[in-house]
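Results of the structural survey
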Amino acid sequence: MSMELTLSRPTTRRKVKVLVAKIGLDGHDRGAKVIARALRDAGFEVVYTGLRQTVDQVVAAAIQEDVDIIGVNQHEGSHVYIARKLLEKLREYGADDIPVVMGGSIPVVDLDVLKNIGVREVFLPGTPINEIVDKLLRIAEERRSRREV
Amino acid sequence: MAKLYSREALEEILRAYREWEENILPQWLSRMPERQEEFTTLSGIPVKRLYTPADLKDYDYMEKLGVPGAYPFTRGIHATMYRARLWTMRMFSGYGGPEETNERLKMLIKAGETGLSLAFDNPTLVGVDPDDPLAEGAVGVVGVSVPTLVDMEIVFRDINLGEVTTNMTINPPAPVLLSFYVAVAEKQGVSYDRIGGTTQNDPLKEFIGQKTHVFPPEAAVKVAMDVIEWSVKNLPKWNPISISGYHIREAGATAVQELAFTLADGIEYVRQLIARGLDVDEFAPRLSFFFDSHINFFEEIAKFRAARRMWARIMKEWFGAKKPRSWWLRFHVQTAGCSLYPQQPWLNIVRTALEALAAVLGGCQSLHTNAFDEPFRVPSEFAAKIALRTQQIIAYETGVADVIDPLAGSYFVEWLTDEMEERAWRYIERIESLGGMLEAVKKGYPQREVEEAAYRFQREVEEGRRFIVGVNIFREEDVEEVRRVPLLEFNQEEVERRQKERVRKVRSMRDEARWRRALDELRGAAERGDNIMPYVLNAVKAYATIGEIMGVLKDVYGTYVEPPYY
């Protein structure tokens, strides 16, 4: 009984597609799996990478799957390092129009750091899923309208 | 037979209860309706408004409870429990390089912790060296980086391994870290019979929670059993395995699932060791356990008590163990990391205190209390000290440690203990029907169960059916205050550089021929299916690195790649 969420404009009726990624050696996948399923229930198309992906693998998957958003789940403290590397790689492949969002155990002091690197949104544990859904829809819509221009 | 209540007494109690339910309660309910339609534990067990002896109708005291220090150990494994000796206050710690961690360990010892527990960084947990591309950016972040014997020596500088016991949360590379530890002890002149501590070394739960797996399930179990077999024969005081529900719970399992899956893992290991030709009473006293203590207070206490009783039955009745020590379920507890939130983070101090209290009322042997800043980072010294002091307040101020199993006989607690047990047995039966836990894990059964439970919990929180203060009730938006929480600061890049440099230096300075021979012999042993422990110890002493040793083992055993979905 999942509600089908599509973008409001008729030209962008394709489901919002999100790549949920686990990068590096972090094994904490509870959040990634819960969010993958919750987004699917909310009408998104979700690709989950599984554990221990490299930045290269994630960028390749994002391009190949033509996703609207990359969501990185990080619980082991390397979020700044990984975000930098990921955004660099996306630029290298000319795919830096794909917005990156992050979630996980991230110190509040790093929120600005991540945003300055170019991470669009950071969701801390306890963020209501509805809020995540709304923000992702907005981000995807912005990108799609930019692409049409 | 030691029935608690006579038939006459029960009838009278039941009459009074019905009278209350029919004549008194309705008026109250009409004036003051209950807060919720249904109240359930975190495992989803519905709880009634009141428990009476009628809920323990045929309760046989001796069969279910007995006395502490005697079968079935529901009331505790020791006759004296905390009146004689408090639980071990064992703080899980480690960050940066071995130097930083050595300092932290010494600080905690000075602050009164009574056992050590090492947290390793992710590269160490999966057995790669600091200069491996996979380790980039992760060296020393969530724990200490220990790639060689040289590093381990620094971790324990000025700490006498004959005088402390150390837990090491390490799984696939457990043979390597245990060898590091033994080699350091030898260098300090500590004999094998004085080396005490624990290697987590629990491979099955890696596939369900934790997820620092390296080898495929069969090989992973084989390696873990090697560690147990070798330790039982060589290190009489070592706990070679800590059969862990903690990570299963943190991955989203309910308390019932945690209880059942942990015991089912234990059952699998006992079978594996018996199949190797070991006598059950030879190894069973060395098995230890590790549980989570979550926020639903009574359910956790019931879980610990049920676990003790169930394991005693399993060891005595299923496996025919004869020594009472073989029937003991000795366990460590960590308060629930997943119950902590970044919103109003100081509230985590309170959560941790309540969870620690449940662990003590449940009769744990050792305890780690989480620091309130852990939703953000590895704890600061300040936060770690509050966590340790929380245990000390429970131990020395509250008086809860002065009476053995003080909640026994509570109608509710005993009913819930029975209920947890009953529900856990049903899971264990299901796992047995799948061929035991190794087979069940290969089929993805516990993994799916835990994923389901994690999702269910999240839905309950989203829908306001579970409350979390500061998260879905009593929220505050003030991030500035949170920003001021002083977090642990250290120069990770500098640590990574130092660790890379050191591992390269170790490689360049060792006796090349001895090192090569040690690794070749290890490969031979692994290929033959021999117990690899003596060969790993030998390689470690020849200064082989963790990455090199694990590399040889991965060549022989293969590497597990988890499917994204079950």
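All figures in this text were calculated on a predicted structure; none of them were measured in a lab. (Residues numbered from 1 in each chain as written. Chains lettered and ligands numbered in written order. Predicted model: local features only at pLDDT ≥ 70, side-chain atom pairs only at ≥ 80, totals over all residues.)

1. Notes on the overall build of chain A
- The helix and strand inventory of chain A stands at five helices and five strands.
- The order of α-helices and β-strands along chain A, N terminus first, is β-α-β-α-β-α-β-α-β-α.
- Taking 149 residues into account, the globule formula puts the C-alpha radius of gyration at 15 Å, and chain A, at 14 Å, falls close to it.
- The C-alpha extent of chain A, read off along each of the three principal axes, is 40 × 35 × 25 Å.
- Residues counted as buried form 50% of the 149 residues belonging to chain A. (Helix = DSSP H or I, 4+ residues; strand = E, 2+ residues; numbered from the N terminus. Rg over C-alpha atoms; globule rule 2.2 N^0.38 Å. Buried ≥ 20, exposed ≤ 12 C-beta atoms within 10 Å, placed from the backbone.)

2. Topic: the overall build of chain B
- Broken down by element type, chain B carries 23 helices and nine strands.
- Radius of gyration (C-alpha) of chain B: 24 Å, near the 24 Å computed for a compact globule of 566 residues.
- A principal-axis box enclosing the C-alpha atoms of chain B has dimensions of 85 × 60 × 45 Å.
- For chain B, buried positions account for 51% of its 566 residues.
- The long-range share in chain B, meaning contacts at least 24 apart out of those at least 6 apart in sequence, stands at 77%. (Contact = placed C-beta atoms within 7 Å.)

3. As for helix 12 (residues 297-318) of chain B
- Relative to the 32 Å expected for 22 residues at 1.5 Å per residue, helix 12 of chain B spans 31 Å between its end C-alpha atoms, a close match to the ideal helical length.
- Among the residues trailing helix 12 of chain B, Gly320(B) stands out with phi positive, at a value near 65°. (Expected span 1.5 Å × (residues − 1).)

4. Here's the deal with the domain arrangement of chain B
Residues and elements named next belong to chain B.
- When the domains of chain B are assigned, the result is domain 1 (7-62) and domain 2 (160-462).
- Computed from C-alpha coordinates alone, the two centres of domain 1 and domain 2 are separated by 33 Å.
- Between domain 1 and domain 2, the residue contacts involve 11 residues of the former and 11 residues of the latter.
- Of the residues contributing to the side of domain 1 that touches domain 2, the split by class is six nonpolar, four polar and one charged. (Domains from an automatic or database assignment. Nonpolar A, V, L, I, M, F, W, Y, C, P; charged D, E, K, R; others polar.)

5. Some thoughts on the sheet that holds strand 1 (residues 88-93) of chain B
All names here are of chain B.
- With respect to topology, nine strands assemble into an open sheet ordered 5-4-3-2-1-9-8-7-6, the strand pairing being parallel. Strand pairing shows two members of the sheet lacking a second neighbour, strand 5 (238-239) and strand 6 (241-244), which therefore form its edges.
- Direction of pairing for strand 2 (residues 115-118) relative to strand 3 (residues 166-168): parallel, over a ladder of three bridges. Pairing of Leu116 across the sheet is with Thr166, part of strand 3.
- Against the sheet, helix 3 (residues 98-110) contacts strand 1 and strand 2, and its axis sits at roughly 155° relative to strand 1. (Pairing = 2+ DSSP bridges. Axes fitted to C-alpha atoms, helices over the stretch in contact; angles between N-to-C directions.)

6. Examining the pairing of strand 2 (residues 45-48) of chain A
All names here are of chain A.
- The alternating pattern of strand 2 places Val46 and Tyr48 on a buried face, while none of Glu45 and Val47, on the opposite face, is buried.
- Across four bridges, the pairing between strand 1 (residues 17-21) and strand 2 is parallel. Across the sheet, Val20 pairs through a bridge with Tyr48, a residue of strand 2.

7. What to know about the nonpolar core
- With 190 residues, the main nonpolar core has Val18(A), Leu522(B), Val536(B) and Ile549(B) as its most contacted residues.
- Looking at this core, the element that brings in the most residues is helix 10 (residues 255-275) of chain B, giving 11 residues. (Core = buried A, V, L, I, M, F, W, Y, C linked by C-beta atoms within 7 Å.)

8. Some remarks on the environment of Met509(B)
Residue and element names in this part refer to chain B.
- Along the chain, Met509 falls in helix 20 (residues 492-509).
- Judged by the 10 C-beta atoms lying within 10 Å of it, Met509 is exposed.
- A C-alpha to C-alpha distance of 9.1 Å links Met509 and Tyr543, two positions 34 residues apart in sequence.

9. Points about the sheet that holds strand 2 of chain A
All names here are of chain A.
- Reading across from one edge, 2-1-3-4-5 is the order of the five strands in this open sheet, with parallel pairing throughout. Looking at strand neighbours, the two that pair on one side only are strand 2 and strand 5 (121-123), the edges of this open sheet. Geometrically, the sheet is characterised by an average inter-axis angle of 20° between neighbouring strands, direction not taken into account.
- As judged from the four bridges shared by strand 1 and strand 3 (residues 69-74), these two strands associate in the parallel manner. Along strand 3, the bridge assignment pairs Ala21 with Val72.
- Contacting strand 1, strand 2, strand 3 and strand 4 (100-104), helix 1 (residues 30-41) runs over the sheet at an angle of about 160° to strand 2.

10. So, the pairing of strand 3 of chain A
Residues and elements named next belong to chain A.
- Burial of strand 3 is extensive: six of the six residues sit out of reach of the surface.
- Of the two faces of strand 3, the one holding Ile69, Gly71 and Asn73 and the one holding Ile70, Val72 and Gln74 are both buried throughout.
- Pairing between strand 3 and strand 4: five bridges, direction parallel. Of the residues in strand 4, the one forming a bridge with Val72 is Met102.
- Assessed by its sense of winding, the connection that carries the chain from strand 3 through helix 3 (residues 79-92) to strand 4 is right-handed. (Right-handed = clockwise from strand over helix to strand, strands pointing away.)

11. Observations regarding the packing of helix 1 of chain A against helix 18 (residues 445-462) of chain B
- The geometry of helix 1 of chain A relative to helix 18 of chain B is characterised by a closest axis approach of 10 Å and an angle of 70° between their N-to-C directions. It follows that helix 1 of chain A is roughly perpendicular to helix 18 of chain B by the angle criterion. Here the hand of the crossing between helix 1 of chain A and helix 18 of chain B comes out right-handed. Contacts between helix 1 of chain A and helix 18 of chain B pair Arg30(A), Lys33(A), Val34(A), Arg37(A) and Ala38(A) from the former with Glu451(B), Ala454(B), Tyr455(B) and Gln458(B) from the latter.
- For the contact of helix 1 of chain A with helix 18 of chain B, the residue count by class is four nonpolar, one polar and four charged. (Parallel < 35°, antiparallel > 145°, perpendicular 65-115°, else oblique. Left-handed = near helix turned anticlockwise from the far one by under 90°.)

12. Thoughts on the packing of helix 6 (residues 174-187) of chain B against helix 22 (residues 533-541) of chain B
Residues and elements named next belong to chain B.
- Where helix 6 contacts helix 22, the two axes come as close as 9 Å, and the packing angle between them is 60°. Put simply, helix 6 runs oblique to helix 22. In this structure, the crossing between helix 6 and helix 22 has a hand that is right-handed. Contacts between helix 6 and helix 22 pair Pro175, Val176, Ser179, Phe180, Val182 and Ala183 from the former with Met533, Val536, Leu537, Val540 and Lys541 from the latter.
- In the contact of helix 6 with helix 22, the residues fall into nine nonpolar, one polar and one charged.

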